[in-house]
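As a plain string of letters, each chain reads:
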Amino acid sequence: MTTLAASIGTPLAFCDAVVFVTWSDWETEPRSNRYHYASRFARHVPVLFIQNQREVGEKIRVAASELDHVDLVSVSAPVQANQIQEILSLLRHRGIKSPLLWIYDSINYENLISTLPKSLRVYHATEDYFTSSSAMRTTAVVPDSIRRLAGKLDLVVAVTEPILDEIRKSCGYTGPAVVAPNGCDFEFFARLGNSGSVPDLERGRVVIYQGALNARLDYDLLHEIALLLPDYQFRFVGRCVESSGTRRLRELENVRILGPMSPEDFGREMYRASVGIIPFIQDAWIRNSLPLKTFEYVACGLPVVSVPIEALAPHAADERIIKFACTAEEFADAIRSASVSRHDPAVVRNRSELARANSYDRRFERVLEELNSLSRQARDSVVPLNVALLFDPASCHVGTIEEHLRAFQRFSSHDVTFLPATNLWGVSSAIETVGAIDFSIFDVVIVHYSIRVSRPHHLVENLAAALESFRGLKVLFIQDEYESIECARSWMDRLNFDLVYTCVPLDQREDVYPAYRFPGTDFRPTLTGYVPEARGMDRFVTPLGARRTAIAYRGRKLPEIYGQLGHEKYLIGTEIKRLADAIGLPVDISCEAEARIYGEEWYRFLGSARATLGTESGSNVFDVDGSLGAQIDRLKAGDPTMPFGEIWKAVLAEHDGKIRMNQISPKIFEAIRLRTALILFEGDYSGVVKPDLHYIPLRKDFANFDEVVSKLLDDGLVREMTDRAYADVILSGKYSYQHFIEGVDDDLRARCLRRMPRRLMYGAVHAVNDDGELHPCLPAVPLGLACAADVLGGEASFQGIQEKVALAVATGTLDAEDDRERASQGRRSKDYVVRLGKRLVLRYGVPPLQKLHSALAQQPIANHVARLVYSRMPSSIRSKIKKAVKGG
């Protein structure tokens, strides 16, 4: 999907849209700083301008504005839960993944802001809500809401230094901030003045005020000024809030209240005037502010007479540009003196240059610099993200899965919490089966490919429901995408992943994951495996001269649904064995299930041969809904011996190869690391290895078998080829798990510019929220799960644990264990608890331990478990914990 940002080369690399949250009404509000920033952001990315102009209970209303790329989204005040969901849906369907939140209204959007935790949050502080003012009629509501918001902000953009100082003092805000004073749309007013649409400038005496006539104006002061200057016309342009003050003004013959006007019309009125005035009630609030109208007057060549305003003091040095006045007499004198220089060419040029220097374009550039700097700092931050990785522990006996998971544990710079998240095969879970789950303590949740999203019930429903409502970054690693892809797509529809690591070539991604269906998802390429990290693997490398077996290979006969690519694994083994046997070439090749080899014996087997065979991995048959597999099952039911070729012609021929999923197999990385030569069917192999550079190519009709054997028996060629493959693939580090994880870390960092506040997690069950309260976030799980042998290096079989739990549920009892095994398990559990305790204390210090003790004391079940764990600890550790809890 081509975005506006991509089409114009945006400097906003950190966001793909800006969401304004305001209390405005775009259609009736004069051009405020909201308009000026929205219009400038819209030159680079789409803008959604949210305004609370709907009734409670209504759906959101989306309408185009008069500006390109600015859409108006009307909601109620406060925004309702259903409207938040509609806004999130709107973002998703427009492919907006990383919006910037630009906040004005601190009261009505708290829940919306909290549902966008990845988005940078900017508060545009245009008013001083912390200084008492009768004109502003200030209450505690807005200041209190800003205080709640302040701790969740990434940047404050204030229009004056005093406003920023008040926010820092009143809210304790210590984060990044920039002062960007209100400016003017200089280019607009310059074009208007040069367009010929303004008649010859009147030389009469006209004083203009543009802006709302409301409680901020000092009507007594205005009334007296107008009486002192009967020879001047006073014109008021803007929305009028009727009051006794406005009625008194209307009674004066030299006063005209013109009402709201278009920007072009009030611009012409300013060009016709002699002086612009700012006659607000004089208090600390106005002194801290900066009225937007100031530089608009100046842009039209007007001198300005204003009540004292701190931000304008530097410009008041030249009284022909800005003059301060407090009393009616001072205003009258200043208006008369300023009028003299109204049309002085040199002074008008000075005013024009001052307006240009204070244009909103200049202001916007300054803010963009700060935002880009902030995003760079966030991307480069060494503060780790909180990552939950959901996986299937019953699959960890598979070497490539265990290595893939362990790579996150070993190499990620982020804090990764591994969470078992699957049902037993064929078992579905109701949402009540596990305790409440809250993922909001995490920045990122990853669903690992060991969880088969091609199955409807492999992922525990509780975790699925929690992930569905999670608003942080959601990531999916997926493999075997040719299997029941519609089921996988349905999971993706439901869970709305932000980032998917796919084995589908990106040039064919649209065929599998069309953009219209997944507009809010980024797809990144990944391999099915990387260079194995197994320690001691090099000891299985046999010198070339001692390798007596010419070719070692273990293949298998895959189900027909895998198509030609799957059949090749069987074909290459059986045919090469036949040809090798015919010429007496010593090979160890089998495609029988009972001949398969695992673990270290596999490395010993592979490292003892001159070469191994290989094909591209995967399948080019996409069985979208399982119907192709069903057709094959029906055919085989009628004829169990039907050859692959006949099945392929009858069912698969028109589907095989429509989407090419050819991948390099992890076994090729294993062979390269063991310095074993590769004899591979011709193919792409994910671009990792090249024919005659890294492997000996074998034609799929085996016509070049004799040439392959000749190369295989050439020691110099084999040694040169294996050395080159080792250097390019292994030593380069490009295909290492460390390099892979570093890339994933960078991807997560780039998409999570905000970090969730660090939450202390107690036993992965409770976390401290914003109010310092302990609340449940993850359900309690048996301690054995974290210690299982096939769960990242524990002692027991997780599959065995699952089966015991299932048996216990069915029978109400657990099998008796041998006393010695129970004692041994107790010692291991104690050692694990001690190690875990040390890590917690080293990481978080003693105070959290005291908080944990206090929280546990109030919960009987947790207290009982804690006492049980405590009783198993060595006395030296118990003594230290006792001292820590008591403050000793």
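Everything numeric here is computed off the predicted structure, so don't read it as measured data.

1. Points about the side chain of Ser 617
Line of reasoning, step 1. Turning to its location among the elements, Ser 617 is positioned in the loop between strand E23 (609-614) and helix H22 (627-638).
Line of reasoning, step 2. By relative accessible area, Ser 617 is classed as buried at 16%.

2. Considering the pattern of salt bridges
Line of reasoning, step 1. The tally for this structure, following the rule as stated, stands at 52 salt bridges.
Line of reasoning, step 2. Arg 356 serves as the salt-bridge partner of Glu 353, at 3.8 Å between the closest nitrogen and oxygen. Residue Glu 353 and its partner Arg 356 are both found in helix H14 (residues 345-357); the two are separated by three residues, about one turn of the helix.
Line of reasoning, step 3. Take Glu 353: its relative accessible area is 47%, and that puts it in the partly exposed class.
Line of reasoning, step 4. Taking the relative accessible area as the measure of exposure, Arg 356 reaches 35% and is therefore partly exposed.
Line of reasoning, step 5. Asp 588 is the partner of Arg 554 in a salt bridge, and the nearest nitrogen-oxygen pair spans 3.0 Å. Here Asp 588 lies in strand E22 (residues 587-590) and Arg 554 lies in strand E21 (residues 549-554), a separation of 34 residues in the sequence.
Line of reasoning, step 6. For Arg 554, a relative accessible area of 13% gives the class buried.
Line of reasoning, step 7. Counted as one network, the salt bridges with shared partners bring together Lys 97, Asp 522, Arg 524, Asp 747 and Arg 751.

3. Considerations on the packing of aromatic side chains
Line of reasoning, step 1. This model, assessed by the stated rule, comprises 34 aromatic pairs.
Line of reasoning, step 2. Seen in terms of ring centroids, Phe 41 and Phe 364 are 4.9 Å apart; in terms of plane orientation they differ by 85°. Their pairing is edge-to-face. In this pair, Phe 41 sits in helix H2 (residues 33-41) while Phe 364 sits in helix H15 (residues 360-379), placing the two residues 323 residues apart along the sequence.
Line of reasoning, step 3. Among the residues examined, Phe 41 registers a relative accessible area of 0% and is labelled buried.
Line of reasoning, step 4. Among the residues examined, Phe 364 registers a relative accessible area of 5% and is labelled buried.
Line of reasoning, step 5. Centroid distance Tyr 482 to Tyr 562: 5.6 Å. Interplanar angle 70°. Geometry classified as edge-to-face. Here the residue Tyr 482 occupies a position in the loop between strand E18 (473-477) and helix H18 (485-495), and Tyr 562 occupies one in the loop between E21 and helix H20 (563-583), the gap between them amounting to 80 residues. Here the two residues Tyr 482 and Tyr 562 agree in accessibility, since each one is buried.

4. Topic: the packing of helix H21 (residues 599-606) against helix H24 (residues 666-673)
Line of reasoning, step 1. Packing of H21 against H24 brings their axes to within 10 Å, and their N-to-C directions diverge by 60°. By the angle between their directions, the pair H21 and H24 is classed as oblique. For H21 against H24, the interelement crossing comes out right-handed. Along the contact surface, H21 presents Trp 602, Tyr 603 and Leu 606, while H24 presents Lys 667, Glu 670 and Ala 671.
Line of reasoning, step 2. In terms of residue class, the contact of H21 with H24 is built from four nonpolar, no polar and two charged.

5. So, a negative patch on the surface
Line of reasoning, step 1. Negative charge collects at one region of the surface, where Glu 224, Glu 329, Glu 330 and Asp 333 lie side by side.
Line of reasoning, step 2. With three residues, helix H13 (residues 328-340) is the single largest residue contributor to the negative patch.
Line of reasoning, step 3. Mapped onto the fold, Glu 330 is located in helix H13.

6. Observations concerning the environment of Arg 494
Line of reasoning, step 1. As for its position among the elements, Arg 494 is in helix H18.
Line of reasoning, step 2. Using a relative accessible area of 25% as the deciding quantity, one classes Arg 494 as partly exposed.
Line of reasoning, step 3. Filtering out sequence-adjacent residues up to four positions away, Arg 494 remains in contact with Glu 461, Ala 464, Ala 465 and Glu 468.

7. Side note on the environment of Asp 438
Line of reasoning, step 1. Tracing the backbone through its elements, the reader meets Asp 438 in the loop between strand E16 (415-420) and strand E17 (444-447).
Line of reasoning, step 2. Measuring from C-alpha to C-alpha, the distance between Asp 438 and Leu 467 comes to 8.6 Å, with 29 residues separating the pair along the chain.
Line of reasoning, step 3. Of the polar contacts made by the side chain of Asp 438, one reaches the side chain of Ser 440; its length is 2.7 Å.

8. Section: the confidence of the model for the protein
Line of reasoning, step 1. Looking at the protein as a whole, the pLDDT averages 85, with 82% of positions reaching at least 70.
Line of reasoning, step 2. Counted against residues more than four places away or in other chains, residues 795-799, with its pLDDT under 50, gives 20 contacts.
Line of reasoning, step 3. Overall, residues 814-823 carries pLDDT values under 50, and its contacts beyond four positions in sequence, including any with other chains, amount to seven contacts.

9. Focus on the sheet that holds strand E25 (residues 696-698)
Line of reasoning, step 1. Overall, parallel pairing links the five strands, which are arranged E22-E21-E23-E24-E25 in an open sheet. Unpaired on one side and paired on the other, E22 and E25 mark the two borders of the sheet. Each neighbouring strand pair of the sheet contributes to a mean axis angle of 25°, computed without reference to strand direction.
Line of reasoning, step 2. Judged from the four bridges that link them, E23 and strand E24 (residues 677-681) form a sheet pairing that is parallel. Paired with Thr 612 across the bridge in E24 is Leu 678.
Line of reasoning, step 3. Seen against the sheet, H21 touches E21, E22 and E23 and runs at an angle of roughly 145° to E21.

10. Describing the pairing of E24
Line of reasoning, step 1. Across the five residues of E24, five count as buried, placing the element largely inside the fold.
Line of reasoning, step 2. The side-chain alternation of E24 yields two buried faces, one formed by Ala 677, Ile 679 and Phe 681 and the other by Leu 678 and Leu 680.
Line of reasoning, step 3. As paired strands, E24 and E25 are joined by three bridges and run parallel to one another. Note that in E25 the partner of Phe 681 across the bridge is Leu 698.

11. Things to note about the sheet that holds strand E4 (residues 70-74)
Line of reasoning, step 1. Ordered in space as E3-E4-E2-E1-E5-E6-E7-E8, the eight strands form an open sheet in which the pairing is mixed. The sheet is open, and its two edges are formed by strand E3 (61-64) and strand E8 (177-179), each paired on a single side. Within this sheet the neighbouring strands show an average axis-to-axis angle of 20°, counted without direction.
Line of reasoning, step 2. Pairing geometry for strand E2 (residues 47-51) and E4, over five bridges, is parallel. Opposite Ile 50, over in E4, you have Val 73 as the bridge partner.

12. Overview of unusual backbone geometry
Line of reasoning, step 1. For the bond from Ala 77 to Pro 78, the omega torsion is 0°, close enough to zero to count as cis.
Line of reasoning, step 2. Examined against the element boundaries, Pro 78 turns out to sit in the loop between E4 and helix H3 (81-93).
Line of reasoning, step 3. Here His 69, not a glycine, exhibits a phi torsion of approximately 70°, which is positive.
Line of reasoning, step 4. Among the secondary structure elements, His 69 is positioned in the loop between E3 and E4.
Line of reasoning, step 5. One non-glycine residue, Ser 686, lies in the positive phi region at around 55°.
Line of reasoning, step 6. Looking at where Ser 686 falls in the secondary structure, it is placed in the loop between E24 and E25.
Line of reasoning, step 7. Accessibility expressed as a relative area gives 31% for Ser 686, which makes it partly exposed.

Thresholds applied
- Residues numbered from 1 in each chain as written.
- Predicted model: local features only at pLDDT ≥ 70, side-chain atom pairs only at ≥ 80, totals over all residues.
- Heavy atoms only, no water.
- Helix = DSSP H or I, 4+ residues; strand = E, 2+ residues; numbered from the N terminus.
- Buried < 20%, exposed > 50% of the residue type's maximum accessible area, 1.4 Å probe, protein only.
- Salt bridge = Lys/Arg side-chain N within 4 Å of Asp/Glu carboxyl O.
- Phe/Tyr/Trp six-rings, centres within 6.5 Å; stacked < 30°, edge-to-face > 60°.
- Axes fitted to C-alpha atoms, helices over the stretch in contact; angles between N-to-C directions.
- Parallel < 35°, antiparallel > 145°, perpendicular 65-115°, else oblique.
- Left-handed = near helix turned anticlockwise from the far one by under 90°.
- Contact = heavy atoms within 4.5 Å.
- Nonpolar A, V, L, I, M, F, W, Y, C, P; charged D, E, K, R; others polar.
- Patch = residues over 30% accessible without salt bridge, like charges linked within 9 Å, V, L, I, M, F, W, Y side chains within 5 Å.
- Areas by Shrake-Rupley, 256 points an atom, 1.4 Å probe, with all protein chains shown as cover.
- Lys, Arg positive; Asp, Glu negative; His and termini not counted.
- Charge placed at Lys NZ, Arg CZ, Asp CG, Glu CD.
- Polar contact = N/O pair within 3.5 Å; in protein donor to acceptor, adjacent residues only side chain to side chain.
- pLDDT = per-residue confidence, 0-100.
- Pairing = 2+ DSSP bridges.

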